[in-house]
Amino acid sequence: MKYSIIVPCYNEEDNIYDLVGILEKVAGKRNVEFILVENGSIDNTRKVLEDACTGKALFKIVPVDINRGYGYGIISGMRAATGDYIGWIHADLQISPNEMMKFVDYVERYGKDTELFMKGIRTKRNLIDHIFTGGMTVFVTLMLQCHLYDIGAIPVLFHRSLLKRLGSKTPYDFSIETYVYYQAKRSGMNIKRFKIKMKERMKGESSWNKGILSKFRQSKVIMSDIIKIRKGIKVR
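Residues numbered from 1 in each chain as written. Predicted model: local features only at pLDDT ≥ 70, side-chain atom pairs only at ≥ 80, totals over all residues. Heavy atoms only, no water.

Looking only at helices and strands, the chain features 8 helices and 7 strands. Here the C-alpha radius of gyration of the chain, 17 Å, is about what a compact globule of 236 residues would show, namely 18 Å. Structurally, the chain occupies a C-alpha span of about 50 × 45 × 35 Å along its principal axes. Of all 236 residues assigned to the chain, the portion counted as buried reaches 51%. (Helix = DSSP H or I, 4+ residues; strand = E, 2+ residues; numbered from the N terminus. Rg over C-alpha atoms; globule rule 2.2 N^0.38 Å. Buried < 20%, exposed > 50% of the residue type's maximum accessible area, 1.4 Å probe, protein only.)

Written out as structure tokens, the structure reads:
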């Protein structure tokens, strides 16, 4: 069983060497490929990625020349993925790559013959984050008539059979998290959720999470996207 783990990297030059070192360490003897998507960064992320991954067969770099969104970066990574299971995790290291390896080990033990879809449930979060997550859970569940909760949680790992069910309407922005989760449920995949510990970002700066106002703006965009998903409209 082979696993393709996509890591979209946008303006993460300060994190790259730490990220690559940690990914090398946690991979162990697992049959994993890490697909590092340089997602149209405007800093030196691409150069640092190339330097950090030189001569390391474990890593595949996918360059995106112009940033078209978080989801577009993941889609670009999925196109390059060769694994039986495909998933993603963030480059900011707020969630340890070890958590993804727990998903991989679960498949190895219990899911080799099962179409699994696995997604984290974020813990160790503040009250504001819980309020936003709860509100989005209610909205998306009512809008899509499907119980989906903590839609933005990572890591994500799923059997590659889901790829053909995603189709051409996979969103280019953060609503990809909702869309893929929704399609997995609609397809009757075996859904597994695992509690994941989050920690503070140690280096670099988030491209969107800059306080409560940014959370409102992001939620507004995702809510608009969910309406489009409900109507079958492509989200770009």
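From this point, the narrative continues.
Our focus in this paragraph is the sheet that holds strand β4 (residues 85–88). Sheet architecture is open: 7 strands sit in the order β3-β2-β1-β4-β6-β5-β7, paired in mixed fashion. Both edges of this open sheet fall to β3 (59–64) and β7 (190–197), since each of them pairs with a single strand only. The mean inter-strand angle of the sheet, taken between neighbouring strand axes irrespective of direction, is 20°. Sheet topology places strand β2 (residues 32–39) next to β3; 6 bridges connect them, and they run parallel. Looking at β3, one finds that Phe 34 is bridged to Phe 59. In this fold helix α7 (residues 176–186) packs onto β4, β5 (116–123), β6 (156–159) and β7, with an angle of close to 135° to the strand it touches most, β5. (Pairing = 2+ DSSP bridges. Axes fitted to C-alpha atoms, helices over the stretch in contact; angles between N-to-C directions. Contact = heavy atoms within 4.5 Å.)

Our next topic: the pairing of strand β1 (residues 3–9). By the criterion of burial, β1 is predominantly enclosed, with 7 of the 7 residues buried. Burial of β1 is two-sided: the residues Tyr 3, Ile 5, Val 7 and Cys 9 facing one way and the residues Ser 4, Ile 6 and Pro 8 facing the other way are all buried. Bridge count for β1 against β2 is 7 bridges, and the pairing is parallel. Across the sheet, residue Pro 8 finds its bridge partner in β2, namely Val 37. For the segment spanning β1, helix α1 (residues 16–27) and β2, crossover handedness is right-handed. Sheet topology places β1 next to β4; 4 bridges connect them, and they run parallel. Looking at β4, one finds that Ile 5 is bridged to Gly 87. (Right-handed = clockwise from strand over helix to strand, strands pointing away.)

Computed from the structure, the second largest pocket encloses a volume of approximately 160 Å³. Residue lining of the second largest pocket: Ile 75, Met 78, Arg 79, Leu 163, Leu 166, Gly 167, Ser 168, Thr 170, Tyr 172 and Lys 234, and that is the complete set. Where the lining of the second largest pocket is concerned, the elements lending two or more residues are α3 (70–80) and α6 (163–166). In terms of residues, the lining of the second largest pocket owes the most to one element, α3, which gives 3 residues. Residues of the lining of the second largest pocket, tallied by class, amount to 5 nonpolar, 3 polar and 2 charged. (1 Å grid on protein atoms, 1.4 Å probe; cavity = no way out; pocket = protein on both sides within 12 Å on 5 of 7 lines; lining within 4 Å. Points joined across faces, edges and corners; volume = space filled by probe spheres on them. Nonpolar A, V, L, I, M, F, W, Y, C, P; charged D, E, K, R; others polar.)

What follows is about the side chain of Thr 45. Of note, Thr 45 is situated in helix α2 (residues 45–53). Take Thr 45: its relative accessible area is 0%, and that puts it in the buried class. Within the structure, the side chain of Thr 45 is placed 2.8 Å from the backbone nitrogen of Glu 12, a separation counted as a polar contact. Beyond its immediate sequence surroundings of up to four residues, Thr 45 is in contact with Cys 9, Asn 11, Glu 12, Glu 13, Ile 16 and Glu 38. (Polar contact = N/O pair within 3.5 Å; in protein donor to acceptor, adjacent residues only side chain to side chain.)

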